[in-house]
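# Descriptive analysis of the structure
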Protein chains: 2
Amino acid sequence: MRYGIGVDVGGTGIKIGLFSSAGELLEHWVIETNTSDNGAHILTDIAKSVSVNLTVKGIDKKQVNGLGIGIPGPVVNGVVEKCVNLGWGRVEIEKELSTLCGLKVFADNDANAAALGEYKAGSGKEFSSIVFVTLGTGIGSGIIYDGKIIQGFQGYGGEMGHMIINSDETDLCNCGKCGCLEQYGSATGIKRITKKHLAARKDEYSSLREYDYPLTTREIFAEAQKGDAIASDVTEYCMDVLGKGLANVCHVINPEAVIIGGGVANAGDWIIDKIKTNFYKCMIYLGNDTRLILAKLGSEAGMYGAFYLIGKK
Amino acid sequence: MRYGIGVDVGGTGIKIGLFSSAGELLEHWVIETNTSDNGAHILTDIAKSVSVNLTVKGIDKKQVNGLGIGIPGPVVNGVVEKCVNLGWGRVEIEKELSTLCGLKVFADNDANAAALGEYKAGSGKEFSSIVFVTLGTGIGSGIIYDGKIIQGFQGYGGEMGHMIINSDETDLCNCGKCGCLEQYGSATGIKRITKKHLAARKDEYSSLREYDYPLTTREIFAEAQKGDAIASDVTEYCMDVLGKGLANVCHVINPEAVIIGGGVANAGDWIIDKIKTNFYKCMIYLGNDTRLILAKLGSEAGMYGAFYLIGKK
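Keep in mind it's a predicted model, so treat the numbers as computed, not measured. (Residues numbered from 1 in each chain as written. Chains lettered and ligands numbered in written order. Predicted model: local features only at pLDDT ≥ 70, side-chain atom pairs only at ≥ 80, totals over all residues. Heavy atoms only, no water.)

## As for the interface of chain B and chain A
By a widely used convention, the size of an interface equals the accessible area lost when the partners come together. Facing the 40 residues of chain B at the interface are 41 residues of chain A. Taken together, the two surfaces of chain B and chain A that pack against each other cover about 3400 Å², and 58% of this comes from carbon and sulfur. Contact with chain A buries area across many residues of chain B, yet Phe153, Val252 and Tyr285 of chain B alone supply 21% of it, more than any other trio. Where chain B packs against chain A, one counts 28 residue pairs in polar contact (both at pLDDT 80 or more). Counting residues per element, the ones that place at least two in the side of chain B that touches chain A are strand E9 (139–145) and helix H8 (229–253) of chain B. When residues in the side of chain B that touches chain A are grouped by element, the largest group, 6 residues, is from H8 of chain B. For the side of chain B that touches chain A, a count of residues per class yields 18 nonpolar, 15 polar and 7 charged. (Contact = heavy atoms within 4.5 Å. Buried area = accessible area lost by both parts, 1.4 Å probe. Polar contact = N/O pair within 3.5 Å; in protein donor to acceptor, adjacent residues only side chain to side chain. Helix = DSSP H or I, 4+ residues; strand = E, 2+ residues; numbered from the N terminus. Nonpolar A, V, L, I, M, F, W, Y, C, P; charged D, E, K, R; others polar.)

## Examining the packing of helix H8 (residues 229–253) of chain A against H8 of chain B
Two elements in contact, H8 of chain A and H8 of chain B, have axes whose closest approach is 10 Å; the angle formed by their N-to-C orientations is 75°. Overall, the two elements H8 of chain A and H8 of chain B adopt an arrangement that is roughly perpendicular. Residues Val249, Val252 and Ile253 of chain A of H8 of chain A touch H8 of chain B, and the partners they reach there are Val249, Val252 and Ile253 of chain B. Along the lines of polarity and charge, the residues of the contact of H8 of chain A with H8 of chain B split into 6 nonpolar, no polar and no charged. (Axes fitted to C-alpha atoms, helices over the stretch in contact; angles between N-to-C directions. Parallel < 35°, antiparallel > 145°, perpendicular 65-115°, else oblique.)

## Things to note about the environment of Val64 of chain A
All names here are of chain A. In this fold, Val64 is placed in strand E4 (residues 64–71). Taking the relative accessible area as the measure of exposure, Val64 reaches 7% and is therefore buried. The sequence separation of Val64 and Ile5 amounts to 59 residues, and the corresponding C-alpha distance is 7.6 Å. If we ignore the near neighbours within four places in the chain, the residues touching Val64 are Arg2, Tyr3, Gly4, Ile5, Leu54, Ile59 and Leu103. (Buried < 20%, exposed > 50% of the residue type's maximum accessible area, 1.4 Å probe, protein only.)

## Brief notes about the sheet that holds strand E11 (residues 257–261) of chain A
All names here are of chain A. The strand order across the open sheet formed by 5 strands is E10-E9-E8-E11-E12, and the pairing between neighbours is mixed. Looking at which strands have only one partner, the edges of the open sheet turn out to be strand E10 (148–149) and strand E12 (291–294). Sheet topology note: the strand E8 (residues 129–135)/strand E9 (residues 139–145) ladder contains 7 bridges and is antiparallel. Among the inter-strand pairings, Thr134 is bridged to a residue of E9, identified as Gly140. Taken strand by strand, helix H4 (residues 110–121) contacts E8, E9, E10 and E11, and its axis lies near 55° from that of E9. (Pairing = 2+ DSSP bridges.)

## Quick word on the relation of the copies chain B and chain A
Two copies of the chain are present, and they differ by a rotation about an axis and a shift along that axis. For these two chains of identical sequence, chain B goes onto chain A by a turn of 180° and a shift of 0.0 Å along the axis, with RMSD 0.0 Å. Between the two chains, the operation in question is that of a two-fold axis. The overlap is high: 100% of the interface residues of chain B also sit at the interface in chain A, so the same surface is used on both sides. (Least-squares fit on C-alpha atoms with pLDDT ≥ 70 in both.)

## Side note on the sheet that holds strand E10 (residues 148–149) of chain B
All names here are of chain B. Spatial ordering of the open sheet is given by E10-E9-E8-E11-E12, a layout of 5 strands whose pairing is mixed. Each having just a single partner strand, E10 and strand E12 (291–294) make up the two edges of the open sheet. Two strands pair when backbone bridges link them, and strand E11 (residues 257–261) and E12 are joined in this way by 4 bridges, in the parallel orientation. Following the sheet pairing, Val258 is matched in E12 by Leu292.

## Re helix H7 (residues 217–225) of chain B
All names here are of chain B. Residues of H7 that are buried include every one of Thr217, Ile220, Phe221, Glu223 and Ala224, and no others. The buried residues of H7 occupy one face: seen down the axis, they fall within an arc of 165°. Looking at the buried residues of H7, the elements they touch are helix H6 (187–200), H8 and helix H9 (269–281). Backbone geometry just downstream of H7 places Gly227 in the positive-phi region, at approximately 105°. (Arc of directions from axis to C-beta.)

## Some remarks on the pattern of salt bridges
Tallying each qualifying case throughout the model produces 22 salt bridges over all chains. In this structure, the salt-bridge partner of Glu236 of chain A is Lys274 of chain A, at a minimum N-O distance of 3.0 Å. Of this pair, Glu236 of chain A sits in helix H8 while Lys274 of chain A sits in helix H9 (residues 269–281), and the two are 38 residues apart along the sequence. Take Glu236 of chain A: its relative accessible area is 37%, and that puts it in the partly exposed class. Given a relative accessible area of 19%, Lys274 of chain A falls into the buried group. A salt bridge links Glu169 of chain B to Arg192 of chain B; the nearest nitrogen and oxygen atoms lie 3.0 Å apart. Taken together, the residues span a long stretch of sequence, with Glu169 of chain B in the loop between E10 and helix H5 (182–185) and Arg192 of chain B in helix H6 at a distance of 23 residues. Via salt bridges that share partners, Glu81, Arg90, Glu92 and Lys95 of chain A belong to a single interconnected network. (Salt bridge = Lys/Arg side-chain N within 4 Å of Asp/Glu carboxyl O.)

## Section: the environment of Ile165 of chain A
With respect to the secondary-structure elements, Ile165 of chain A resides in the loop between E10 and helix H5 (182–185). Non-local contacts of Ile165 of chain A, meaning those with residues more than four positions away in its chain, are made with Gly179, Cys180, Leu181, Tyr184, Val241, Lys244, Gly245 and Asn248 of chain A.

## A word on the side chain of Thr33 of chain B
All names here are of chain B. With respect to the secondary-structure elements, Thr33 resides in the loop between strand E3 (25–32) and helix H1 (36–39). Among the polar contacts listed, one links the side chain of Thr33 to the backbone nitrogen of Gly13, at a separation of 3.1 Å. For Thr33, the contacting residues outside a window of four places in its chain are Gly10, Gly11, Thr12, Gly13, Ile14, Ile42 and Leu86.

## A word on unusual backbone geometry
Note that the residue after Tyr213 of chain A, namely Pro214 of chain A, is joined by a cis bond; omega there is -10°. Tracing the backbone through its elements, the reader meets Pro214 of chain A in the loop between helix H6 (187–200) and helix H7 (217–225). Positive phi, close to 50°, is recorded for Asp37 of chain B, a residue that is not glycine. Considering the arrangement of structural elements, one finds Asp37 of chain B in helix H1.

## Looking at the packing of aromatic side chains
Here a ring pair, both rings aromatic, is described through the centre-centre distance and the interplanar angle of the planes. Counted under the stated rule, the structure contains 14 aromatic pairs over all chains. Aromatic ring contacts, followed pair by pair, group Phe19, Tyr304, Phe307 and Tyr308 of chain A into a single cluster. Above the face of the Trp29 of chain B ring, Lys57 of chain B is positioned so that its terminal group lies 5.4 Å from the ring centre. A cation over a ring is seen here: Arg192 of chain B above Tyr184 of chain B, with NZ or CZ 5.1 Å from the ring centre. (Phe/Tyr/Trp six-rings, centres within 6.5 Å; stacked < 30°, edge-to-face > 60°. Lys NZ or Arg CZ within 6 Å of the ring centre and 35° of its normal.)

## A short note on the packing of H8 of chain A against H9 of chain A
Residue and element names in this part refer to chain A. Their axes nearest at 7 Å, the elements H8 and H9 cross at an angle of 60°. What the angle tells us is that H8 and H9 run oblique. The handedness of the crossing between H8 and H9 comes out as right-handed. Contact with H8, carried on its side by Thr235, Glu236, Met239, Asp240, Leu242, Gly243, Lys244, Leu246, Ala247 and Cys250, involves Trp270, Ile271, Lys274, Ile275, Asn278 and Phe279 of H9 and no other residues of that element. Counted by class, the contact of H8 with H9 contains 9 nonpolar, 3 polar and 4 charged residues. (Left-handed = near helix turned anticlockwise from the far one by under 90°.)

## Side note on the confidence of the model for chain A
Confidence in the prediction for chain A averages 96 pLDDT; 100% of positions are at 70 or higher. In the predicted assembly, ipTM is 0.94 and pTM is 0.95. (pLDDT = per-residue confidence, 0-100.)

Now the structure itself:
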């Protein structure tokens, strides 16, 4: 039997998956992300954990086709120029990790890897091209076009969270601009807009005022579903902005499907329907045939996608 | 010697170029676009003109590698579903034209072909990925990523003219939405904004009022360069919006260069510099390394690109 390893590096934990070469996830485990010493131990930790686990399972490295790895930052030709979340400067990750673990290594950005995961093993399986968007603390996204990741010449392909969607915005995004899509469609964005509504409508009753701060998007969505006016307005507004942003991306790529994942998407079809309303209004020129659907693999998309990086050119 | 034919079909005329197989334009000529009978004669006219010209030049069709053709509408897998400008419904263009002219035919959208032309033989030669934008009556655009056209699953790749850039717009775009990039960055858009400024500032002197209507962008730009306040404000505003729109596209594709062509670009570096200002402000998250430059091939880009379609898969 032959195998492959998929590794998804996050700011807190690193998910490692052992796959059959056919793509079946056989086992997975998590190790801590050690960001001390500018993240100098991360690759060593991964290499050790992989080696130990393979040995315990009686798998020879010769039986392993390779190791794919997703990193929370841009990756070009197997090299990370800078990864703030891990404390890294320039790291020749494919070369270095390969030396450490004795396997062929294939690296890409984590959102690109997650997009590839959904494309190969999740909601994107039936489509030729997808835009994958993960709505969490920020907006991560990846584009798969005819089976290939649109990595971009500096690894910034699919950075749609920082498209400017509202020129009138005065609040600063953490990228230094004002009016980025992330300021409306991410969990952080939704919470920001909620806070603004609660302050501006301070004499209006809202069940949201009963919660301890900071509010979560789960709480905001729950109250919107129960009919709270402010929670509903915030949800409609943010999902309208998101729908427009996603439609704009579709005017560049014309993908067969847009796949929504991340914490915000846990609200399921209820939230997808909200995004759809404005999305399709903005898509009339393109004939409205692009599908807008939920992701399937949840937080495992990145690990699956990392596995599918193996062998990529 | 071996040859290739590049054909660029416009609403008024059809440009036909005879190229050496190495890509040298040997000769080119124009035939009328006959849109009578729902454009039923267009392919026959092209086939006849190509055949006659090859015969006169003593070139056997066996010496011709193929014929590439750009069409003013979406093309997928060699099939046009609808092309309003030519009066066409569904046309299996590669198959039909191939039968008519006895050559292998390769078809794509005209803006995609023009993008490929600039990529292979114009300003894009030194880059791996480009976004090509032609600013004319509308905004046409095409994206070449790692040598391949991003055609989109319905042939709508690179339709950035209909990204919504201003949610507050109340004037209707001809696509049926409000606030599309084309309403600001195209010649039509610039003239629209000029008209609005002249009306809103009716007591203010402007040299633009000395011209006969309708104004041309050349006249507007000329007066802006001479210091007319309204002409300057219009130019700054429209190019700011355009700069933002192009930056948004770059957040999806992260191309090495954005190449600007079309009538509006005839204003040269003066207009490129105006677009650049806001473009780079909006590009800070991507490190500002994407080049923004003028196209080189002018109205011949489509014909060149059509030639380079030959052999594409």
